[in-house]
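The primary structure of each chain is shown beneath.
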Amino acid sequence: MRIGSKPFYKLLLFALIALVLIMAVTITLNATRLHHAIQERTFSYVTDVTRQLTADIDNRIQKVMVDLSSLCDSLMHLDSPDALSDFLQRKTEMLGFTSIVYIGADGTVSKAASGIEEPLSLPGVQASLQGNTGVSFLNGEDILYTIPVILNEEVAGVLGGIRSKANMQELISTDCFSGTGLTCIIDSGGSVVISPTQVDPFLQLDSLFTSSPEGKTARSIRRMQEDMVSGQSGIFSFRSASGSDLILSYNPLSHFSWVLLTLVPSDVIASHVNGSMFWLYGIIGVVVVLMLLTLFALYASQRYHYRQMEEAAFTDRVTGGMTNAAFQLKCESLLPKAPANTYCIALMNIRNFKLINEHFGSEHGNDVLACIMHTLQKSMDGAEGFASRADADSFFLCLKSGTREEVARKMRQLTDSICAEVVKLRWYLGAPYSFSLQTGAYIVDNPSLEITIMQDRASMACRSRSSFEDGSCKFYDDSMLRRMRREEELNMLFESALEHHEFVVTLQPKVRLSDERIGGAEALVRWVHPQQGMIYPGEFIPLFEQNGRICRLDLYIFEEVCRTLHAWQQAGKPLFPVSVNLSRQHFSDPHFLDTYVEIATRYEIPRDMLELELTESIFFDDQGIENTKQQIKEMHRLGFRCSLDDFGSGYSSLGLLVEFDIDVIKLDRRFFLDISNAKSRDVIASIVELAHRIGLSTVAEGIETQEQLDLLKGIGCDMVQGYIYSKPLSVAEFEVWFQSREQQAG
Ligand code: C2E
Ligand code: CA
Ligand code: CA
């Protein structure tokens, strides 16, 4: 997965979200663990405090009982009711009772309690007459402690001590739990014996129990009831009806099946911690939400940018159609699944598109491109195929056609409709430019190939045409690939060939027809490769023309020619004009002639002994006619001769002869292929005559037969270059040929 790619960003985003969630879960788990630890700590704290309180209450009751029993012994020694009353009166204050009464088994009471009706029915009295101690409520306000008074091993009466309930209340309403707790004492029947002030919170337990008899709180209460019966203590937490979290602790007292109930808020310890926990949870929540929002924002912005990038990458700005990237993606999803020879990838190239831009401006150039795309889209509905703009002026098409005939037919239809649409453009009307397209196609016989390779094959086919071929679609075949590999090989070998002088000059004589003597020679290059042997210019010149290497080769040949002429000059041999071929590529450099001058000067060659051959195609080049005219003028100013090569092989505009300042025209060999035809002979004669009339000399190229020679002699052609006299010869061979020719003539 590529860093920065869409899947990478997705993965990164998911990883970040997962990380945030893991962090949130970990923090929450830790917080929960802390919460539990605090709850345990709270339980044990409440248990400790309530146990202590229980022990205190037990002690208090115990002390009261001890105090009362200490009186019992003394009672027996008092001999009169008055003495008893006095004694009890004194002890009442001393021991902190409201009053102390003696109730005899017969119902008699001591003086202080004489107002009590039916003393035997006071709570606890009967039980104490049975020998038990007891603590009971009296009128709901006071507490009556009763102990049996034993005389001669029999219960003689009951000593009762009355104390205010407030005493006990004071004890249970201590300031434990920072005043937040509530304590009360209940008896085994569940009735409140002593409560501080408020019992409502305890009563809520009842309503919780009844509202949800199977709930957790109800279960806890049930367990508490069982524990109370078996005299065990316990603790549990619950949520009150008002929604606050509380802890209830129950501890049986040692006396009278009483139980001390203590109710405390569950955050009694953790009130601060809970506050902090609340903030912690809050902050975690906010941070998680913020992080998720940030991630979401990042994701959204990344998606937005990705979409924009996707749009920029997949939509062609100029035509509004697909880009090549989109085209390739679509092909990748379609072609590998299809059987061989189902689809074809084609390239459509606008011939001389640069001229449209130059003539009409790039805005109109873009109009043409958009018009082409529009027409393509309109002409091919989805099933038939789709198109994209590949680069400046070419379009790739994917067509659902698998035979050459069908593809050729469709391509012709498409190019026809495009041409028809383009010439309809308003600004185009009457333009001195003929719009045409060239096309090449690869029928997908191997669907497993990469799309770029298929596209290369289509463009290879498109490029394979010569400039004079018709506009029919060219099809890729494997020989093109072989040719391309060969071209690559030659390109690679070029530098070393130049360095090792593998390029060799051959000279082909030009013979003057007037006296059959040498009138000049043309330098033609041969590549003598140490392993591959002779490589002819037809194989490498067009290639080096394409990549610009031709300029260096031309200069190399020019220098070799100068070196040979210089050697002849030094040897005192007669000189004659030698022509070199000049590629059209030189004309893009306005100063190219400087180097030619420099070389000629260095070898001290008279300039009129050097002729530069130009093919007429340079007049139709992008550099512009005016530029070419000026360069030719400059050639003459510098003293070089200039010939127009291959006249008659292409456009053959006679107008050029007048317009351009040339010295020689070289008639292409195809003029002489059919001289049995009278019309052909007339054309040749007219051209030679016209040339002479405007002061140009004529050279006939590729002359092989006596018949051709006779014709040329008859019409007054100046010179002949052809196999009839000689093939191109090495310099040494040429010197021999020249020698024998001169001897024959002389
Ligand atoms: P070109 O300039 O038209 O050269 C004439 C071509 O015709 C030469 O082919 C020559 O060998 C061939 N030829 C001459 N007489 C006859 C004949 O009687 N019959 C036939 N069939 N052919 C004949 P070559 O040497 O193969 O060169 C081919 C082309 O390569 C040349 O055509 C020229 O355009 C180009 N070329 C050759 N050397 C150079 C060079 O140094 N620089 C550049 N730029 N182009 C070169
Ligand atoms: Ca030539
Ligand atoms: Ca020629």
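All figures in this text were calculated on a predicted structure; none of them were measured in a lab.

Visitor: Residues and numbers for the coordination of the calcium ion (ligand 3), please.
Guide: Within the first shell, the calcium ion (ligand 3) binds the protein through Asp645 (OD), Asp646 (OD), Glu701 (OE) and Glu701 (OE), at distances of 2.2 to 2.5 Å. In primary-sequence terms, the residues that donate to the calcium ion (ligand 3) follow D-D-x54-E. Between the calcium ion (ligand 3) and the calcium ion (ligand 2) the interatomic distance comes to 4.0 Å, and Asp645 is a ligand of both metals. A residue is classified by how much of its surface remains accessible, and Asp646, at 24% relative accessible area, is partly exposed.

Visitor: Tell me about the sheet that holds strand 11 (residues 385-391), and please be specific about residues and values.
Guide: Here five strands make up an open sheet; going across it, the order is 11-12-10-13-14 and the pairing mixed. A strand with exactly one partner marks an edge of an open sheet, and here the two such strands are strand 11 and strand 14 (474-475). Bridge count for strand 10 (residues 344-350) against strand 12 (residues 394-399) is six bridges, and the pairing is antiparallel. Within strand 12, the residue paired with Asn349 across the bridge is Ser394. Docked against the sheet, helix 12 (residues 451-463) engages strand 10, strand 12, strand 13 (437-443) and strand 14, running at close to 135° with respect to strand 13.

Visitor: Residue-level account of the site of ligand 1, with values.
Guide: Lining the immediate surroundings of ligand 1 are 21 residues, of which Gln508, Arg526, Asp554, Glu704 and Tyr723 lie closest. Taking Gln508, its side chain carries an N or O atom lying 2.9 Å from a nitrogen atom of ligand 1. Listing elements by their share of the shell around ligand 1, those giving two or more residues are strand 16 (518-529), helix 14 (537-547), helix 15 (550-570) and strand 20 (641-647). With four residues, the top contributor of residues to the shell around ligand 1 is strand 16.

Visitor: So, the state of the cysteines: which residues are in play, and what are the values?
Guide: By definition, a disulfide links the sulfur atoms of two cysteines through a covalent bond. The tally for this structure, following the rule as stated, stands at zero disulfides. Cys642 provides the cysteine sulfur closest to Cys562, a residue in no disulfide bond, and the two sulfurs are 16 Å apart. Of all cysteine sulfurs, the one in Cys551 lies closest to Cys642, which takes part in no disulfide; the gap is 16 Å.

Visitor: So what's going on with the nonpolar core? Residues and values would help.
Guide: Ranked by size, the top nonpolar core spans 80 residues in total, and within it Phe503, Phe558 and Ile665 carry the most contacts. The leading source of residues in this core is helix 15, at 10 residues. Not counting chain neighbours up to four residues away, the residues in contact with Ile665 comprise Leu644, Phe647, Leu657, Ile687, Ala691, Leu696, Ser697, Thr698 and Val699. Counting 31 residues, the second largest nonpolar core, distinct from the first, contains Phe353, Leu376, Ala441 and Cys473.

Visitor: Residue-level account of the coordination of the calcium ion (ligand 2), with values.
Guide: The calcium ion (ligand 2) binds to the protein through Glu522 (OE), Asn581 (OD1), Glu613 (OE) and Asp645 (OD); the donor distances cover 2.1 to 2.3 Å. All donors of the calcium ion (ligand 2) belong to a single chain; written as a sequence motif, their spacing is E-x58-N-x31-E-x31-D. When its relative accessible area of 5% is taken as the criterion, Asp645 is described as buried.

Visitor: Quick one: what's the story with the pairing of strand 18 (residues 578-581), residue by residue and with numbers?
Guide: As judged from the two bridges shared by strand 16 and strand 18, these two strands associate in the parallel manner. Looking at the pairing, Glu522 lines up with Ser579 of strand 18. Bridge count for strand 18 against strand 19 (residues 610-615) is four bridges, and the pairing is parallel. Bridge pairing in strand 19 links Val578 to Leu610.

Visitor: Describe helix 11 (residues 404-422), and please don't skip the residues or the numbers.
Guide: Relative to the 27 Å expected for 19 residues at 1.5 Å per residue, helix 11 spans 26 Å between its end C-alpha atoms, a close match to the ideal helical length. Taken residue by residue, helix 11 has Val407, Lys410, Met411, Leu414, Thr415, Ile418 and Val422 as its buried positions. Viewed along the axis of helix 11, the buried residues span an arc of 130°, placing them on a single side of the element. Contacts from the buried residues of helix 11 go to strand 10, helix 10 (362-379), strand 12, strand 13 and strand 14.

Visitor: Lay out unusual backbone geometry in plain terms, naming residues and giving numbers.
Guide: For Glu604, which is not glycine, the phi dihedral falls at a positive 55°. Within the secondary structure, Glu604 is located in the loop between helix 16 (592-602) and strand 19. Although it is not a glycine, Asp646 adopts a positive phi angle of roughly 55°. Considering the arrangement of structural elements, one finds Asp646 in strand 20.

Visitor: Give me the side chain of Asn251: which residues, what numbers.
Guide: With respect to the element layout, Asn251 can be found in strand 8 (residues 245-252). Separated by 3.1 Å, the side chains of Asn251 and Ser249 make a polar contact. Ignoring anything within four residues of it in the chain, the contact list for Asn251 reads Thr50, Arg51, Thr54, Ser233, Trp258, Val259 and Leu260.

Visitor: Can you tell me about the sheet that holds strand 4 (residues 154-164), naming the residues and giving the values?
Guide: Strand order in the open sheet made by the four strands is 1-4-3-2, with antiparallel pairing throughout. At either end of the open sheet lies a strand with only one pairing partner, and these are strand 1 (99-104) and strand 2 (134-138). Between one strand axis and the next, the sheet turns by 25° as a mean value, whatever way the strands run. As defined by bridge partners, strand 1 adjoins strand 4 across six bridges and the pair is classed as antiparallel. Opposite Ile103, over in strand 4, you have Val158 as the bridge partner. Across the sheet, helix 2 (residues 81-95) lies against strand 1 and strand 4, angled at about 140° from strand 1, the strand it touches most.

Visitor: Help me get a handle on the packing of aromatic side chains, residues and values and all.
Guide: Under the counting rule described, the total for this entry stands at 24 aromatic pairs. Ring centres of Tyr442 and Tyr476 lie 5.5 Å apart, and the angle between their planes is 85°; this geometry places the pair in the edge-to-face category. Taken together, the residues span a long stretch of sequence, with Tyr442 in strand 13 and Tyr476 in the loop between strand 14 and helix 13 (478-499) at a distance of 34 residues. Take Tyr476: its relative accessible area is 8%, and that puts it in the buried class. Relative to Tyr596, the ring of Phe558 lies with its centre 4.6 Å away and its plane at 55°, an arrangement referred to as tilted. In this pair, Phe558 is assigned in helix 15 and Tyr596 in helix 16, connecting sequence segments 38 residues apart.

About the thresholds
- Residues numbered from 1 in each chain as written.
- Chains lettered and ligands numbered in written order.
- Predicted model: local features only at pLDDT ≥ 70, side-chain atom pairs only at ≥ 80, totals over all residues.
- Heavy atoms only, no water.
- Donors = N, O, S within 2.8 Å, 3.2 Å for Na, K, Ca; no water.
- Buried < 20%, exposed > 50% of the residue type's maximum accessible area, 1.4 Å probe, protein only.
- Pairing = 2+ DSSP bridges.
- Helix = DSSP H or I, 4+ residues; strand = E, 2+ residues; numbered from the N terminus.
- Contact = heavy atoms within 4.5 Å.
- Axes fitted to C-alpha atoms, helices over the stretch in contact; angles between N-to-C directions.
- Near = heavy atom within 4 Å.
- Polar contact = N/O pair within 3.5 Å; in protein donor to acceptor, adjacent residues only side chain to side chain.
- Disulfide = S-S within 2.5 Å.
- Core = buried A, V, L, I, M, F, W, Y, C linked by side-chain atoms within 4.5 Å.
- Expected span 1.5 Å × (residues − 1).
- Arc of directions from axis to C-beta.
- Phe/Tyr/Trp six-rings, centres within 6.5 Å; stacked < 30°, edge-to-face > 60°.

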